[in-house]
Amino acid sequence: MALISDSDAAVAREAFGAVGTAMLTPFDAAGGIDYAAVEATAEHLVDLGNDQLVVSGTTGESPTTTDEEKRRLLETVVGAVGDRARILAGVGTNITAHSVELAQQAAAAGAHGLLVVTPYYSKPPQAAIAEHMRTVADATELPVMLYDIPGRSGVPIDTETLLRLAEHPRILAVKDAKGDLVASQRVMTESSLVYYSGEDALNLPLMAFGAVGIVSVVGHVSADKFASMVAAVGDNDLDSARRIAGELAPLVDAIMNHLPGVVAVKAALELQGVIPTRATRMPLLPAADEQVESLRAQLIRSGYLQ
C-alpha cells in the first residue's frame, strides 16, 4: 500500500503520468540531431505504453546539446505526442541562473513539467541545494520533479532537505536514484512528495515502499511490461508484479550494467528499426559491434526482437 495520500498521488499522476522514460536524443551520422527520428522515437515510446517522456535528461545526452537544440527537441516531442503523454523537460544544471533560463524556455516551448537534478560537480551544501531548487521552481508555473542521483551529481538531497522542499507548492515529486529505500520511505511517510523510481533495478522495491511510478531507461524497450507491473502494484497484486520484474531482470541487466544506458538503448532501438543509427556525441561512443550482438541476443530472448 502506498504511504502517500490518494490525493497527492492523483495530483502527481495528473502532472507527471505513471510510466515514464527518459528519452534518448537521436543523432545522424554527421553528429546533428535527427528531428524526424526524434518524432518517430517519441511516437514509438508512447505507443509502447509510456504516459510520460523526459526530454533533455542525461539519457538524452543533455550535456552535449545546445540550449537551442533543447528548445527544438522539446517542441518536436510536444508536437508529436504532447496530447497523449506528459512531457517533462530536463532543466537542471550546476548553474542556477542557467537552470532558470532553461525552465523558462521549456515553459514557453510547451513542457508539462520540469525535472531538476541536484547541481552537479560543485557539491553545494544542503541549504544551497534547497535554495537552487526553490529558485528554479519559482521561475515558472510548471510542476517540478526533483532528481536525486548522488552517483552522478556527487551529493544527495538529504532527507531533511526533501522534507523542507515538499513545502513548495510546485515541487510535487522525486525521481529517486539514491538507492536508500529507508530514507525514501521516510520522505514518503512524512511529506506530500510523491516518488518515482529512477533506477530500473529498483523499480519494484521502490514501488513496494510507496512510489507511484517510474522514470526509466529500459522503458525505451519494455514500457509495456513496466506498465503492467505498475498497474499490478496499484492493484496490490505483488505476485504478478514480482513475476513481471523477474521476467525483465535479464533485460535490465543487459541494458544498464554493461554499457551506459543511453548507449545500450540506442543500439536496441537501432536493432528494432526505430532509429536509423545508434550514433552518440562524445564523450560517449556508440556500442561496438560485439556489444550490439550481445544485446541482440537478449532482446530476442526477452521477446522484443525477432
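Residues numbered from 1 in each chain as written. Predicted model: local features only at pLDDT ≥ 70, side-chain atom pairs only at ≥ 80, totals over all residues. Heavy atoms only, no water.

1. Quick word on the environment of histidine 98
Here is step 1: Looking at the secondary structure, you find histidine 98 in helix α4 (residues 96–109).
Here is step 2: Considering only alpha carbons, one finds histidine 98 and glycine 213, 115 residues apart in sequence, at a separation of 29 Å.
Here is step 3: Not counting residues within four places of it along the chain, the set of residues in contact with histidine 98 comprises Asp67 and Thr93. (Helix = DSSP H or I, 4+ residues; strand = E, 2+ residues; numbered from the N terminus. Contact = heavy atoms within 4.5 Å.)

2. Quick notes on the packing of helix α11 (residues 238–256) against helix α13 (residues 289–302)
Here is step 1: Orientation of α11 relative to α13, taken along the N-to-C sense of each, is 160°, at an axis distance of 10 Å. Taken together, the axis directions place α11 and α13 in an arrangement best described as roughly antiparallel. In this structure, α11 meets α13 at a crossing whose hand is left-handed. Along the contact surface, α11 presents Pro250, Leu251, Ala254 and Ile255, while α13 presents Leu295, Gln298, Leu299 and Ser302. (Axes fitted to C-alpha atoms, helices over the stretch in contact; angles between N-to-C directions. Parallel < 35°, antiparallel > 145°, perpendicular 65-115°, else oblique. Left-handed = near helix turned anticlockwise from the far one by under 90°.)

3. Regarding empty space enclosed by the protein
Here is step 1: Applying the stated criterion across every chain yields a total of two cavities of 30 Å³ or more.
Here is step 2: Its boundaries defined by the atoms lining it, the largest cavity holds a volume of some 80 Å³.
Here is step 3: Contributing elements (two or more residues each) for the lining of the largest cavity: α3 (67–81), β3 (86–90) and α4.
Here is step 4: For the lining of the largest cavity, the per-class residue count stands at six nonpolar, three polar and two charged.
Here is step 5: Considering only enclosed or pocket space, the second largest cavity measures out at about 30 Å³ in volume. (1 Å grid on protein atoms, 1.4 Å probe; cavity = no way out; pocket = protein on both sides within 12 Å on 5 of 7 lines; lining within 4 Å. Points joined across faces, edges and corners; volume = space filled by probe spheres on them. Nonpolar A, V, L, I, M, F, W, Y, C, P; charged D, E, K, R; others polar.)

4. Details of the UniProt feature "active site" (unreviewed entry) in the protein chain
Here is step 1: UniProt records the feature "active site" (unreviewed entry) for Tyr147 and Lys175 in the present numbering. Sequence-wise these annotated residues cover 29 residues; spatially they are packed, their C-alpha atoms never more than 4.7 Å apart. Of the residues named above, Tyr147 and Lys175 line the largest pocket.
Here is step 2: Relative to the assigned elements, tyrosine 147 resides in strand β5 (residues 144–148).
Here is step 3: Take tyrosine 147: its relative accessible area is 9%, and that puts it in the buried class.
Here is step 4: Not counting residues up to four positions away in its chain, the partners in contact with tyrosine 147 are Leu115, Val116, Val117, Thr118, Ile157, Lys175 and Ala177. (UniProt positions renumbered as here; feature names shortened; annotations may be inferred. Buried < 20%, exposed > 50% of the residue type's maximum accessible area, 1.4 Å probe, protein only.)

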